[in-house]
Amino acid sequence: MWRKICKEELRETRKVYFIMFAILLAAGIISLVVMRQTALYPGDTFGGTPEEFDVRSVLSIGSILGMYVLWIAAMVVYVVYTLYRFDRGVFGGEGVFWMTLPVKRREILAGKLLAPLVWGAGLVLLGIVWLALMLFVQDPYGSTSFSMDGMAVGIGMVAFMVLSQILMAVGSLYALCFALMAGRLPRFQKHPYLWGAAVALVIFFIIEPLFNVLAMVVFGVPIGFFLMAMPFLMTKGIAVFGFIALIPIAMVLRILIYGALMVYLAEKKLDYLG
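Residues numbered from 1 in each chain as written. Predicted model: local features only at pLDDT ≥ 70, side-chain atom pairs only at ≥ 80, totals over all residues. Heavy atoms only, no water.

Could you give an account of the overall build of the protein, with specific residues and numbers?
On a plain count of helices and strands, the protein comes out with 10 helices and 0 strands. N-terminal to C-terminal, the α/β element order of the protein is α-α-α-α-α-α-α-α-α-α. Across the protein, contacts joining residues at least 24 apart in sequence account for 78% of those joining residues at least 6 apart. As presented, the protein carries roughly 16300 Å² of accessible surface, and 75% of it is formed by carbon and sulfur atoms. (Helix = DSSP H or I, 4+ residues; strand = E, 2+ residues; numbered from the N terminus. Contact = heavy atoms within 4.5 Å. Areas by Shrake-Rupley, 256 points an atom, 1.4 Å probe, with all protein chains shown as cover.)

Describe the nonpolar core, and please don't skip the residues or the numbers.
The nonpolar side chains of a soluble globular protein tend to be buried with one another. Phe86, Met181 and Met262 are the most contacted members of the largest nonpolar core, which totals 46 residues. When contributions to this core are tallied by element, the ones reaching two or more residues are α1 (2-38), α2 (50-91), α4 (105-138), α5 (148-182), α6 (192-219) and α10 (247-269). For this core, the leading source of residues is α5, giving 11 residues. Excluding residues that lie within four positions of it along the chain, Phe86 makes contacts with Phe91, Leu109, Lys112, Leu113, Cys177, Leu180, Met181 and Met262. (Core = buried A, V, L, I, M, F, W, Y, C linked by side-chain atoms within 4.5 Å. Buried < 20%, exposed > 50% of the residue type's maximum accessible area, 1.4 Å probe, protein only.)

Can you explain the side chain of Arg254? Please cite residues and give values.
The residue Arg254 is located in helix α10 in this model. With relative accessibility at 13%, the residue Arg254 sits in the buried group. If we skip the residues at most four places from it in the chain, Arg254 touches Met168, Gly171, Ser172, Phe204 and Glu208.

Give me the pattern of salt bridges: which residues, what numbers.
Considering all chains together, one arrives at 7 salt bridges under this definition. Here Glu12 ties to Arg11 by a salt bridge, and the two come within 2.8 Å at their closest N and O atoms. Accessibility expressed as a relative area gives 34% for Glu12, which makes it partly exposed. The class of Arg11 is partly exposed, set by a relative accessible area of 41%. Measuring nitrogen to oxygen at the nearest pair gives 2.9 Å for the salt bridge that ties Glu208 to Arg254. Of the two residues, Glu208 is situated in helix α6 and Arg254 in helix α10; the sequence distance between them amounts to 46 residues. By the burial criterion, Glu208 is buried, and Arg254 matches it. Within this structure, Glu8, Arg11 and Glu12 form a network of salt bridges that share partners. (Salt bridge = Lys/Arg side-chain N within 4 Å of Asp/Glu carboxyl O.)

I'd like to hear about the environment of Leu25, residue by residue, with values.
Looking at where Leu25 falls in the secondary structure, it is placed in helix α1. Taking the C-alpha atoms as reference points, Leu25 and Trp130, separated by 105 residues in sequence, lie 8.7 Å from one another.

Please give an account of the side chain of Lys112 that cites residues and values.
Here Lys112 is to be found in helix α4. According to the relative accessible area criterion, Lys112 is buried, its value standing at 4%. Among the polar contacts made by the side chain of Lys112, one reaches the side chain of Glu9 at a distance of 2.8 Å. (Polar contact = N/O pair within 3.5 Å; in protein donor to acceptor, adjacent residues only side chain to side chain.)

If you had to explain α10 to someone new, which residues and values would you point to?
The end-to-end C-alpha distance of α10, which contains 23 residues, comes to 31 Å, matching closely the 33 Å that a straight helix rising 1.5 Å per residue would cover. Within α10, burial applies to Ile247, Pro248, Met251, Arg254, Ile255, Tyr258, Gly259, Met262, Leu265 and Ala266. (Expected span 1.5 Å × (residues − 1).)

Go over a nonpolar patch on the surface, please, and point to the residues and values.
On the surface, Leu201, Val202, Phe205, Ile206, Ile207, Leu210, Phe211 and Leu214 cluster together into a nonpolar patch covering about 820 Å² of accessible area. Note on placement: Phe205 falls in helix α6. Under the relative-accessibility criterion, Phe205 is labelled exposed at 62%. (Patch = residues over 30% accessible without salt bridge, like charges linked within 9 Å, V, L, I, M, F, W, Y side chains within 5 Å.)

For the packing of aromatic side chains, give the residues involved together with the corresponding values.
Per the stated rule, a full pass over the model turns up 9 aromatic pairs. Ring plane angle 15 degrees and centroid distance 5.1 Å describe the contact between Tyr17 and Trp119, whose orientation is recorded as stacked. Taken together, the residues Tyr17 in helix α1 and Trp119 in helix α4 connect sequence positions 102 residues apart. In this structure Tyr17 comes out as buried when scored by relative accessible area, which is 2%. (Phe/Tyr/Trp six-rings, centres within 6.5 Å; stacked < 30°, edge-to-face > 60°.)

Structure below.
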């Protein structure tokens, strides 16, 4: 049943995300064209005036920064819209409909939480493709300063960092969904969104920082440091690499913990889901 709920959620949200993908795709193509026309490659000479060179540089840098800003805006919209759909689909009219069917509450949660991950994966894939094309446009002939082995290691490190950051973002999104559910507990019914925001603040500014402190006590540095300093740490030996390899596992456990907490609230604590 959760598959049907997931498919229905994808169908209900596809218009918004198709528009978002279209905007990102059009802006990405424009930015790549601008970068292609303004980039200087090894061996190229610029025969224009200094003013023309300045304009060329501004256009190249502006196209990159503009895309970064657009991607940040897209991710903000993604998070806000996901929370909106989760609240409406679990506690609003859609939740009422699903609760009239012979379906478990955990299946409703699974369908509503898995659907946005599909769109999130699409956003990440689109971003990776744009980044790869941007690097190719900036250096179409390849860099001669790195060996193939060095480039392979670099690509592997970037992929590892991206995976860890994606898992961390999914965990944060599930934490926000859990906060929304916590705000719906019977004792908080008068101001559910206010209490939900309070729970989110406690999670992100008290509970999770305490885990970072615990990591600092045990390992000497917080988890966040490892996420930011992977390229440096991965050159420091097998022991450090072995610990870094555990980070995606920790991020997956974080996702599972928040998922389990939501199931617990839905089945044991919330008198009315939907």
